[in-house]
Amino acid sequence: MEKTWRWFGPNDKITLEMLRQIGVEGIVTALHRIPNGEVWSLDEVNRMKDFIEAAGLRWSVVESLPVSESIKYGGEDRDQLIENYKESLRNLGKAGVRTVCYNFMPVLDWARTDLEYPNPDGTSNLYFNLGEFAYFDIHILGRKDAARDYDEVTLARVDELRKVMTPEGEKRLVDNIIVKTQGFVNGNISENDLDPVQKFRDLLALYDGIDADKLRENMAYFLNAIMPVCREYDINMCVHPDDPPRPILGLPRIVTCDADIRAFLDAVPDPHNGLTFCAGSLSAGAHNDIPALARKYASRTHFVHARICNVLPNGDFKESTHLDPRLIDVVRTFERERPGVPMRVDHAPLMLGDEKMGYNAGYSFHGRMLALGMVSGIMATVHTEKI
Ligand code: DNO
């Protein structure tokens, strides 16, 4: 696989020169300053490409070219927004950037309740606490009938939390669930929003009446519309699975499991319609057999996210080590079946001073460097194995 790294542009504290020193070959980035829905001009695309190439690297993957909410829920302006998307794709294609990651998750991209959950060794990680998430849903968001979506054990955890929750604790949950994990991924809520919870409620309301079937239909509509441009410029689209892989906050999610992946691939059976194999997102659902999914979908995978989670009996989940045997199996599959596919490590721990640097949640330097070293070691070992 090609060793890539998610880099957030010239203002990223982690510089391209640093990345060259640690064995990174390709860059994963986006034009983060351009608002969702606007065209990425050829000039802007080339400026980013030249900047990366001047440092001796290449722009391997766009993550993400965001799909506007209106395309997802089927708003009145969706055709115009799809035209803009196609124009951005053409400009990327002209510049030779041919792998584009996106997601089709309504409103919320990935979800975590804790960004610095302490590990016994002094490092910290991302963590998803189902009780806290349900508390956010029921008592902060106040979503109608939210309690119906949780089992009794989780509701009992919510009741316990209610006894000890403070205003600061609530603010931390809002920050972690809908602000800090979202803003930098071109999300809907940014650090500057004065009332993020109300803004979030308004966004959820856009999906009233949109169920999984409707969302699937809208995804196929979008993919069918952009496929001619993808064929013309040989652009591989790769949807990121839903994280966590299940409906949340009353919103449908449609890239969560084997059947979902099969369905969107079959709905638009063009090889340019592919998957980002994010082992981490898929593994946050106990229903998914990650090594088996990797084998099954390697041929339609255009981008790999190397990380993996452990789901706990109470429904919480946390990141596991990059040396987890399931991840070793996944790396082996892609090294053998798709040797050149871009791969980046993801959601590594905060360690050795990372916590003081203000990195985007999940995107530490030392933690990711160690993880890249681990995955590189697995890749090298796979090459010594006899098939
Ligand atoms: C989280 C990321 C996701 C991903 C988007 C792709 O760390 O993996 O935010 O970039 O879902 O559109």
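Residues numbered from 1 in each chain as written. Predicted model: local features only at pLDDT ≥ 70, side-chain atom pairs only at ≥ 80, totals over all residues. Heavy atoms only, no water.

Enquirer: Just checking my understanding: could you explain the pattern of salt bridges for this structure?
Expert: Scanning the model with the defined rule gives 34 salt bridges in all. Residue Glu83 pairs with Lys86 through a salt bridge whose shortest N-O separation is 3.2 Å. Here Lys86 and Glu83 lie together in helix H4 (residues 78-95), a separation of three residues that amounts to about one turn. You can call Lys86 buried: its relative accessible area is 14%. (Salt bridge = Lys/Arg side-chain N within 4 Å of Asp/Glu carboxyl O. Helix = DSSP H or I, 4+ residues; strand = E, 2+ residues; numbered from the N terminus. Buried < 20%, exposed > 50% of the residue type's maximum accessible area, 1.4 Å probe, protein only.)

Enquirer: So what exactly am I meant to see when it comes to the domain arrangement of the chain here?
Expert: Here the chain is described as being made up of domain 1 (2-110 + 210-382) and domain 2 (127-205). Placing the centre of domain 1 and that of domain 2 at their C-alpha centroids yields a distance of 25 Å. Each partner contributes residues to the interface: domain 1 has 25 residues there, and domain 2 has 24 residues. Across the interface of domain 1 and domain 2, roughly 2100 Å² is buried in total on both sides, 58% from carbon and sulfur atoms. Run the count over domain 1 and domain 2 and you get one salt bridge. Of the residues that constitute the side of domain 1 that touches domain 2, the class distribution is 12 nonpolar, seven polar and six charged. (Domains from an automatic or database assignment. Contact = heavy atoms within 4.5 Å. Buried area = accessible area lost by both parts, 1.4 Å probe. Nonpolar A, V, L, I, M, F, W, Y, C, P; charged D, E, K, R; others polar.)

Enquirer: I'm lost on the pairing of strand S6 (residues 124-128) in this one. Help?
Expert: For a regular strand, side chains alternate in direction, first toward one face of the sheet and then toward the other. Counting buried residues in S6 gives five out of five residues, a clear majority hidden from the surface. Here strand S5 (residues 114-118) runs beside S6; their pairing, made up of three bridges, is antiparallel. Looking across to S6, one finds that Asp114 is bridged to Tyr127. Bridge count for S6 against strand S11 (residues 317-319) is two bridges, and the pairing is antiparallel. Within S11, the position partnered with Phe128 by the bridge is Phe317. (Pairing = 2+ DSSP bridges.)

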